[in-house]
Amino acid sequence: MKGIGRQVQVGAAKETTRGTAQSSATYWLPWAELDLAEKKEFVEDGQAYGVIEDNAGMSSVKRMMEGPLKGPVFDQSIGLLMRSQTGGYTVGAHAGEASVYDHDFTIGQNVQHQSLTFFLHDPLSGIDYSHANGVIGKTEWTFALKKYIEFSSNVKALTGAVKSAFTPATTSENKFLPQHFYAKFALDYAGLGGTKTATGTCSSTTHVTGLSINTNTLRVGMTVTGANIPAGATIATIVSSNAFDLSVASTGAASSYTFGPATISLKSAKITEGGEVEDQEVLGSQDPADFLKKEYSVEGSFEAIWQNESDFKTQFMAGTPLAVRLGAKNTDVIIGTSTNPEIYFDMPKCTIKELGRPFKVKDLVYQDIKFKASYSPSDSMMVKRRLTNTVATYA
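To start, this report covers the structure provided alongside it. (Residues numbered from 1 in each chain as written. Predicted model: local features only at pLDDT ≥ 70, side-chain atom pairs only at ≥ 80, totals over all residues. Heavy atoms only, no water.)

### A few points about the overall build of the protein chain
Inference 1: Counting its regular elements, the protein chain contains three helices and 27 strands.
Inference 2: When its C-alpha atoms are laid out on the principal axes, the protein chain stretches across 95 × 55 × 45 Å.
Inference 3: Going through the 395 residues of the protein chain one by one, you find that 43% of them count as buried.
Inference 4: Within the protein chain, counting contacts between residues at least 6 apart in sequence, those at least 24 apart form 71% of the total.
Inference 5: For the protein chain, the computed accessible surface area is about 18,800 Å², with 50% contributed by carbon and sulfur atoms.
Inference 6: Charge separation in the protein chain, taken as the distance between the mean sites of 36 positive and 40 negative side-chain charges, equals 5 Å. (Helix = DSSP H or I, 4+ residues; strand = E, 2+ residues; numbered from the N terminus. Buried < 20%, exposed > 50% of the residue type's maximum accessible area, 1.4 Å probe, protein only. Contact = heavy atoms within 4.5 Å. Areas by Shrake-Rupley, 256 points an atom, 1.4 Å probe, with all protein chains shown as cover. Lys, Arg positive; Asp, Glu negative; His and termini not counted. Charge placed at Lys NZ, Arg CZ, Asp CG, Glu CD.)

See the structure below:
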């Protein structure tokens, strides 16, 4: 029958046995763009038959499904896609909560990341399909004004198997809006996570001296907490290798400090991660035996208003890597007793590759930054994503 695209639904489930389709979807995914198309390759009979026509037939030699899947980031179903995208996974109880969980997704050091079965419910044709051995390839995460936070992934799977009609049931989930977004920056992972500590001397002044760590691991704008340090204090100036100035004077003698990341407002941000997925083609079958991950890369960009050189230009000119956290916390929703749904991406070693500052006569001056993440041996990661929700596990 004739219809419109929004009548079509797509679902996904984690496979228990790689390449063996699950019977039903764990999540039906509301989507914005969908083109999970059957792909075929042919060999052409181009032999000479005594005529000038270019072929005498074509034979199918390969078949599979491939295409883009794009939609808003929800706080539950996105975990299933990240489980396949990244390969590495752990889960733990969220501190102080009985029914809230922190899911950490890291890069699995293998080429067979978790496979999924994709389900296509198509009332227009009246035929539904399941696609086994599905994998998530390159994924782009977009944070933009006046839009839901979105993902866009390339999907590969085996050709569809006809199924009896599905009855999709969409899970009630929480979305992330641009006002839920935040961006935090430090010079190392400890600073990004708020676990960097040091001792020094400060007494009813803004000036801290005799710091026990080198200030080359600190940056202007990082938060500072400790006894007699006023709430909201930040690093205002780096004075020397063992001294810095606070944004506000201490209220008395202070000797111990904990440093947290600098928070900088962005206008937009984008992360692109993943890499090429290679079809494992074998003799004896039209279907690929598997879809295998190759090398993994992470890069991105963001736009921020120009207000000083210490935000990004200092690190760009020095070639100093930044530790970056881009995330979103839905503060409009409470899960458990007092927790908000949250998703964030930690990249402990990002190098700013390009920094542009285009000037327009009548417009505000913004800076455009492009960065690339590197593997950090000291932190054993290139990127980690954390998703906080009420799902017990994606294992």
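### Some points on the packing of aromatic side chains
For any pair of aromatic rings, the description rests on two quantities: the centre-to-centre distance and the angle between the ring planes.
Inference 1: Scanning the model with the defined rule gives 15 aromatic pairs in all.
Inference 2: Ring plane angle 55° and centroid distance 5.9 Å describe the contact between W28 and F166, whose orientation is recorded as tilted. On the criterion of sequence distance, the pair formed by W28 in strand β2 (residues 27–29) and F166 in the loop between β11 (161–163) and β12 (181–186) is long-range, its members being 138 residues apart. This pair shows no difference in class: W28 is buried, exactly as F166 is. (Phe/Tyr/Trp six-rings, centres within 6.5 Å; stacked < 30°, edge-to-face > 60°.)

### Overview of the layout of surface pockets
Inference 1: Considering only enclosed or pocket space, the largest pocket measures out at about 250 Å³ in volume.
Inference 2: The residue inventory of the lining of the largest pocket, partitioned by class, reads seven nonpolar, six polar and three charged. (1 Å grid on protein atoms, 1.4 Å probe; cavity = no way out; pocket = protein on both sides within 12 Å on 5 of 7 lines; lining within 4 Å. Points joined across faces, edges and corners; volume = space filled by probe spheres on them. Nonpolar A, V, L, I, M, F, W, Y, C, P; charged D, E, K, R; others polar.)

### Let's talk about the pairing of strand β13 (residues 196–203)
Side chains on a regular strand alternate between the two faces of the sheet.
Inference 1: The two faces of β13 differ: K196, A198, G200 and C202 on one face are buried, but T197, T199, T201 and S203 on the other face are not.
Inference 2: Where β13 meets strand β18 (residues 253–260), six bridges bridge the pair, whose relative direction is antiparallel. Along β18, the bridge assignment pairs A198 with Y257. (Pairing = 2+ DSSP bridges.)

### Side note on the pattern of salt bridges
Inference 1: Taken as a whole and assessed by the stated rule, the structure comprises 18 salt bridges.
Inference 2: The salt bridge partner of K62 is E281, with a shortest N-O separation of 3.2 Å. Separated by 219 residues along the polypeptide, K62 in strand β5 (residues 58–72) and E281 in the loop between β21 (277–280) and β22 (290–293) bring together distant segments of the chain.
Inference 3: The class of K62 is buried, set by a relative accessible area of 7%.
Inference 4: For E273, the salt bridge identified is with R385, shortest N-O distance 2.5 Å. Placement of the pair is E273 in strand β20 (residues 268–274) and R385 in strand β27 (residues 384–389), with a sequence separation of 112 residues.
Inference 5: Since its relative accessible area comes to 0%, R385 is described here as buried.
Inference 6: Via salt bridges that share partners, E41, K62, K156, D279 and E281 belong to a single interconnected network. (Salt bridge = Lys/Arg side-chain N within 4 Å of Asp/Glu carboxyl O.)

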